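# Coordinate inspection notes
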Amino acid sequence: MKRIALALFALSLAACHDVRREPGSPTAASATPPAAEGVYDNHAQVWQAHESAPGAVQPPHVVVTIDATSQPDWALWRIHLDATPPVDAVWAIRSMTQSDGALALVPHRPLVATPSPTFDAQQWAALDACTLRTPARAAAATADIAACAAIVPGIGTEAALLPLAIERDGEWLRLRLYADQARGTDAREDLRLVRWFTGWAAINGGGPKADAASRDWHMDRALRIGSEGGRYALKWRDGNASGYSLVLERLTYREGNVPVLKLSVVGDADGSTLAYAWANPEATRIGINLGWVQVGLDGEGPTTK
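Attention in this report is confined to the structure presented alongside it. (Residues numbered from 1 in each chain as written. Predicted model: local features only at pLDDT ≥ 70, side-chain atom pairs only at ≥ 80, totals over all residues. Heavy atoms only, no water.)

So, about the overall build of the protein chain. Within the protein chain one finds three helices and 20 strands. Expressed as a percentage of its 305 residues, the buried residues of the protein chain come to 47%. Of the roughly 14800 Å² of accessible surface on the protein chain, 52% is carried by carbon and sulfur atoms. (Helix = DSSP H or I, 4+ residues; strand = E, 2+ residues; numbered from the N terminus. Buried < 20%, exposed > 50% of the residue type's maximum accessible area, 1.4 Å probe, protein only. Areas by Shrake-Rupley, 256 points an atom, 1.4 Å probe, with all protein chains shown as cover.)

What follows covers the sheet that holds strand β20 (residues 293-299). Pairing in this open sheet of four strands is antiparallel, and the strands run β14-β13-β20-β19 from one edge to the other. Two strands lie at the open edges of the sheet, namely β14 (217-226) and β19 (285-289), each paired on one side alone. Mean inter-strand twist for the sheet, computed between neighbouring axes without regard to direction, equals 10°. Inspection of the sheet shows strand β13 (residues 196-204) paired to β14 by eight bridges, in the antiparallel sense. Note on β14: the bridge partner recorded for Asn204 is Trp217. (Pairing = 2+ DSSP bridges. Axes fitted to C-alpha atoms, helices over the stretch in contact; angles between N-to-C directions.)

Evaluation of the coordinates by the stated rule reveals one disulfide. Note on cysteine connectivity: Cys130 is disulfide-linked to Cys148, with sulfurs 2.0 Å apart. Taking the torsion about the sulfur-sulfur bond, which here is approximately 90°, the covalent link between Cys130 and Cys148 counts as right-handed. One end of the pair, Cys130, is in the loop between β7 (124-126) and β8 (132-134); the other, Cys148, is in helix α3 (residues 145-149), with 18 residues separating them in the sequence. Both residues of the pair, Cys130 and Cys148, count as buried. (Disulfide = S-S within 2.5 Å.)

Tracing the sequence through the fold places Tyr253 in strand β16 (residues 241-253). Here the alpha-carbon distance between Tyr253 and Gln48, two residues 205 residues apart in the chain, equals 8.7 Å.

Before going further, it helps to examine the nonpolar core. Val64, Trp77, Trp91, Leu162 and Leu173 are the most contacted members of the largest nonpolar core, which totals 38 residues. Not counting the four nearest positions on each side in its chain, Leu173 is found in contact with Ala35, Tyr40, Val64, Ile66, Trp77, Ile166, Glu167, Glu189, Asp190 and Leu191. Formed by 23 residues, the second largest nonpolar core is a distinct cluster that contains Tyr232, Leu261, Ala279 and Trp292. (Core = buried A, V, L, I, M, F, W, Y, C linked by side-chain atoms within 4.5 Å. Contact = heavy atoms within 4.5 Å.)

Have a look at this one:
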């Protein structure tokens, strides 16, 4: 990941600076948002790449959080790259329908350190050179790479996380970032919309070697975990770490033929999996009972954060 972060910074060294405030508009009111509100994570892509080719260059782990604003044609995109050090960027993306029916997605950078939570378009500067365009009724929007590269030096390290291509496909958000150019012409992130599960967990104070008659149970009824590699640390009743965590992930085994929702109990000390349970990916409930630890989860709505 460290090499990826260095590559992103190197890519951000190009020509001149060209940003402006909110653009004048073709039509914004009828524009279709580029993706639904929610959290998107490419955990499954990263896991699959490691399993199939552990020695090859791995895709970076990327999380995108999309929040609606008070203006229907604007959305906030928070992009996190899991690198060393991590890289974060926030963009306001405005969707505009062109006169020919094509969609234009104009990324904006913040002009203030902490933009207003109620959203004020005047606090954002348009990066017109990095506008993504798509023909009418098409799924993918792409930017002019050469034009976008010309303004990258004025943006800084965050420019590595500028979208160059956006494609929505059901629960999938397929994204090519500026930094992906370092990995080749076809590099992209395949992110899936996170489903959230809530529920309870009970862990016995004796751990895996707990006596069957032990009543030293530590309950947590506020458990909440995401489906794309979400991790939840189990705690004792005094709030201290128990040394065990839950991991929930959607994975595909046997060369793409067996998709599952997998709930695992792992040891924090070495990351080892102690036990796991499988369900179908569309499952609305999943749980596990090992005697010394018991878990029950129910799915929330697919876009609830």
